[in-house]
Amino acid sequence: MIDVITNVVLEGIVIFLTILTGKAIFKVWKSNKNRVNAMMIIYILFLAIGSITRIQEFMGLSIDFTIGAGFQIYHIFGILIIGFQFAFTFYIKEWKRFYYFPLVMSIFVATGLIQYDFQYFFIAFALLSTFIPFALLLYIGIKNRNGVVFMLAVFILVNGIALNIRGLVGIIIRIVAMVILFAGTSGFVDKYLLIDKKEKLRLQNVWISKIM
Amino acid sequence: MSFEEFRALLGITNNYLEAILMPIMTILIFIKLRREKRETGEINYVRAIIGVVFACFSWMLIWEFLYNRTPVQMLFTENIVTFSETSWSFYNIGLSLTVAFGLVIVMYINRRESLYYVPLFVVGGMWLYYIATGYYEMMMYFIYIGALMAILFLIYTGFRYKDNGSLGMAIFFLLAVSVLLIDGPIGTFMNSSYIIFGVIFSLGVFKPFKEVVKE
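Everything numeric here is computed off the predicted structure, so don't read it as measured data. (Residues numbered from 1 in each chain as written. Chains lettered and ligands numbered in written order. Predicted model: local features only at pLDDT ≥ 70, side-chain atom pairs only at ≥ 80, totals over all residues. Heavy atoms only, no water.)

**A word on the interface of chain B and chain A**
Inference 1: Counting from both sides, the interface comprises 16 residues of chain B and, opposite them, 15 residues of chain A.
Inference 2: Buried area between chain B and chain A, summed over both chains or domains, comes out near 1,500 Å², and the portion from carbon and sulfur atoms is 75%.
Inference 3: Linking chain B to chain A there are one salt bridge.
Inference 4: B:Glu113 serves as the salt-bridge partner of A:Arg97, at 3.3 Å between the closest nitrogen and oxygen.
Inference 5: Where chain B packs against chain A, one counts three residue pairs in polar contact (both at pLDDT 80 or more).
Inference 6: Classifying every residue of the side of chain B that touches chain A by side-chain character gives 12 nonpolar, three polar and one charged. (Contact = heavy atoms within 4.5 Å. Buried area = accessible area lost by both parts, 1.4 Å probe. Salt bridge = Lys/Arg side-chain N within 4 Å of Asp/Glu carboxyl O. Polar contact = N/O pair within 3.5 Å; in protein donor to acceptor, adjacent residues only side chain to side chain. Nonpolar A, V, L, I, M, F, W, Y, C, P; charged D, E, K, R; others polar.)

Dropping the structure here:
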């Protein structure tokens with residue numbers, strides 16, 4: 001019983017952090033209407049729904065339905081999360097020719113699960129969507145000194161690892177992952193970690209010239 | 001000479017002509033591409049894709065020829081080499097890529113940049129799916145539906161942009177696909193017709209639209 005309560009409380013913290021992160025991104029999206037932010041809001045929504053289904057599972061209220069041979073409810077959210085990770089990586093990189101790659105691959109992964117309960121496609125797709133977006137986003141984040149993209153890369157890696165770990169340790173790592181993402185989206189990283197020295201100097205010069 | 005004997009002879013001639021002329025046509029297209037690159041300094045991607053389509057087609061025909069006319073049949077079974085509706089073969093690899101690049105050319109001419117590689121992703125996915133699960137029927141749907149779509153869109157694109165390349169590819173595809181669907185004497189004559197058309201097309205003689213309209 002204590003285990004269940006602990007898990008539910010911790011998963012509740014994950015949802016709380018997800019909402020905070022979503023709120024921060026929504027604020028940015030409202031001001032610039034950027035499509036990447038809109039995609040991130042949907043992505044975060046799927047993460048939150050994933051957490052809710054996990055709470056249901058802990059409480060023994062999980063909806064148990066299977067389409068075909070082995071396409072279950074967590075596969076739906078898994079594929080959507082994986083697909084979105086790829087989608088906004090290609091979108092940020094502006095690789096237009098790869099925009100439909102996640103959609104095509106998701107269809108094959110889902111077909112494999114429906115027809116044969118073939119899990120290896122799902123695992124391979126999940127691994128690819130963890131390491132490729134991580135590497136690409138990390139590079140963009142450091143190159144452009146963009147805190148959101150940098151922390152998103154770290155989040156994808158940490159969250160990808162956490163989803164493969166069952167039990168309390170997995171949930172704690174996911175909380176850490178959500179804290180990382182929140183730190184990125186709330187502007188904390190831009191302000192204190194990835195400081196653009198040239199930009200700072202330019203602002204200082206403007207400020208000094210104004211005083212003069 | 002009876003009609004059946006004539007048909008058999010035409011079939012054998014077609015086999016030889018396909019295996020010899022198709023690679024020559026492919027080389028001709030790539031020579032033209034290279035010459036154009038040297039003159040203008042830019043790659044003509046439409047011609048390059050047409051070249052790839054012809055290369056895939058040559059691959060198919062060479063395997064078919066090797067199986068029918070050489071001792072290759074002692075090394076491989078028919079299913080591995082020639083056209084098969086139930087399993088993968090060397091022929092089918094070329095066929096699926098031909099259809100995929102046929103669709104790529106449609107996307108390229110219509111400037112749908114986000115869709116350029118989609119047919120290739122689909123074919124790649126199907127290959128992996130077949131290797132993993134052994135399920136093949138999906139590929140046949142792709143080949144037939146994809147070929148039909150490619151033909152229709154190439155005709156549409158050809159008339160819309162008055163593009164000789166698109167229209168030529170559409171006619172070439174139409175004749176080539178009809179060979180797969182039609183058996184008997186008509187199939188044999190269709191086979192000869194697409195070889196003849198392929199020669200006309202690759203030599204650059206097929207120019208129904210004299211003026212190229214640019215949008």
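**Side note on the packing of helix 7 (residues 164-181) of chain B against helix 8 (residues 184-202) of chain B**
Residue and element names in this part refer to chain B.
Inference 1: Across the interface, helix 7 lies against helix 8 with an axial gap of 8 Å and an inter-helix angle of 160°. When the axis of helix 7 is compared with that of helix 8, the two are roughly antiparallel. Crossing of helix 7 against helix 8: the hand is left-handed. Note on element contacts: helix 8 touches helix 7 through Gly187, Met190, Asn191, Ser193, Tyr194, Phe197, Gly198 and Phe201, opposite Asn164, Gly165, Gly168, Met169, Ile171, Phe172, Leu175, Ala176, Ser178 and Val179.
Inference 2: Residue composition of the contact of helix 7 with helix 8, by class: 10 nonpolar, eight polar and no charged. (Axes fitted to C-alpha atoms, helices over the stretch in contact; angles between N-to-C directions. Helix = DSSP H or I, 4+ residues; strand = E, 2+ residues; numbered from the N terminus. Parallel < 35°, antiparallel > 145°, perpendicular 65-115°, else oblique. Left-handed = near helix turned anticlockwise from the far one by under 90°.)

**Considerations on the environment of B:Pro23**
Residues and elements named next belong to chain B.
Inference 1: Along the chain, the position of Pro23 falls in helix 1 (residues 3-40).
Inference 2: Counting along the chain gives 33 residues from Pro23 to Cys56, while the straight-line C-alpha distance between them is 9.7 Å.
Inference 3: If we ignore the near neighbours within four places in the chain, the residues touching Pro23 are Glu18, Ser58 and Ile62.

**Some words on a nonpolar patch on the surface**
All names here are of chain B.
Inference 1: On the surface, a cluster of nonpolar side chains totalling about 770 Å² of accessible area is made up of Ile12, Tyr16, Ile20, Ile24, Leu28, Ile196, Ile200, Leu203 and Val205.
Inference 2: Elements with a contribution of two residues or more to the nonpolar patch: helix 1 and helix 8.
Inference 3: Considering every element that reaches the nonpolar patch, the biggest residue donor is helix 1, with five residues.
Inference 4: For Ile196, a relative accessible area of 52% translates into the label exposed. (Patch = residues over 30% accessible without salt bridge, like charges linked within 9 Å, V, L, I, M, F, W, Y side chains within 5 Å. Areas by Shrake-Rupley, 256 points an atom, 1.4 Å probe, with all protein chains shown as cover. Buried < 20%, exposed > 50% of the residue type's maximum accessible area, 1.4 Å probe, protein only.)

**What about empty space enclosed by the protein?**
Residue and element names in this part refer to chain B.
Inference 1: For the coordinates displayed, the defined rule picks out one cavity of 30 Å³ or more.
Inference 2: Counted as a void, the largest cavity has a volume near 30 Å³.
Inference 3: Lining the largest cavity we find Trp88, Met126, Tyr129, Tyr130, Tyr135, Tyr136, Met138 and Met139.
Inference 4: Top contributing element to the lining of the largest cavity by residue count: helix 5 (residues 118-133), with three residues. (1 Å grid on protein atoms, 1.4 Å probe; cavity = no way out; pocket = protein on both sides within 12 Å on 5 of 7 lines; lining within 4 Å. Points joined across faces, edges and corners; volume = space filled by probe spheres on them.)

**Topic: helix 5 of chain B**
Inference 1: Here helix 5 of chain B is 16 residues long and its end C-alpha atoms lie 22 Å apart, about the 22 Å a rise of 1.5 Å per residue gives.
Inference 2: Within the sequence span of helix 5 of chain B, burial applies to B:Val118, B:Pro119, B:Phe121, B:Val122, B:Val123, B:Gly125, B:Met126 and B:Tyr129.
Inference 3: Elements in contact with the buried residues of helix 5 of chain B: helix 4 (101-116) and helix 5 (119-144) of chain A together with helix 4 (90-109) and helix 6 (137-160) of chain B.
Inference 4: A positive backbone phi angle near 85° is found at B:Gly134, which sits one or two residues after helix 5 of chain B. (Expected span 1.5 Å × (residues − 1).)

**What to know about the nonpolar core**
Inference 1: Core analysis: the biggest nonpolar cluster contains 72 residues, and B:Phe54, B:Ile105, B:Phe142 and B:Met169 have the highest contact counts within it.
Inference 2: Looking at which element gives the most residues to this core, the answer is helix 4 of chain B, with 12 residues.
Inference 3: If sequence neighbours within four positions are ignored, B:Met169 has contacts with B:Ile50, B:Val53, B:Phe54, B:Ile105, B:Leu154 and B:Phe201.
Inference 4: Residues A:Leu10, A:Leu17, A:Val149 and A:Leu152 belong to the second largest nonpolar core, which totals 35 residues. (Core = buried A, V, L, I, M, F, W, Y, C linked by side-chain atoms within 4.5 Å.)

**Here we look at the packing of helix 5 of chain A against helix 6 (residues 147-163) of chain A**
Residue and element names in this part refer to chain A.
Inference 1: One can describe the packing of helix 5 onto helix 6 by two numbers: an axis separation of 7 Å at closest approach and a directional angle of 160°. Judged by the inter-axis angle, helix 5 sits roughly antiparallel to helix 6. The handedness of the crossing between helix 5 and helix 6 comes out as left-handed. For the pair helix 5 and helix 6, the contacting residues are Ser129, Thr130, Phe131, Pro133, Phe134, Leu137, Leu138, Ile140, Gly141 and Ile142 in the first and Val149, Phe150, Leu152, Ala153, Val154, Ile156, Leu157 and Gly160 in the second.
Inference 2: Split into classes, the residues belonging to the contact of helix 5 with helix 6 amount to 14 nonpolar, four polar and no charged.

**Quick look at the packing of aromatic side chains**
Inference 1: One pass over the full model with this rule turns up 42 aromatic pairs over all chains.
Inference 2: Pairing B:Trp59 with B:Trp63 gives two aromatic rings, centres 5.7 Å apart and planes at 70°, and the pair type is edge-to-face. Taken together, the positions of B:Trp59 and B:Trp63, both in helix 2 (residues 45-69) and four residues apart, correspond to about one turn of that helix.
Inference 3: Judged by relative accessible area, B:Trp59 falls into the partly exposed class, the value being 37%.
Inference 4: By relative accessible area, B:Trp63 is classed as buried at 16%.
Inference 5: Each residue in the set A:Phe86, A:Phe90, A:Trp95, A:Phe98, A:Phe101, A:Phe125, B:Tyr117 and B:Phe121 is aromatic and connected to the rest through ring pairs, giving one cluster.
Inference 6: A cation over an aromatic ring shows up here: A:Lys33 above the ring of A:Trp29, its NZ or CZ 4.2 Å from the ring centre. (Phe/Tyr/Trp six-rings, centres within 6.5 Å; stacked < 30°, edge-to-face > 60°. Lys NZ or Arg CZ within 6 Å of the ring centre and 35° of its normal.)

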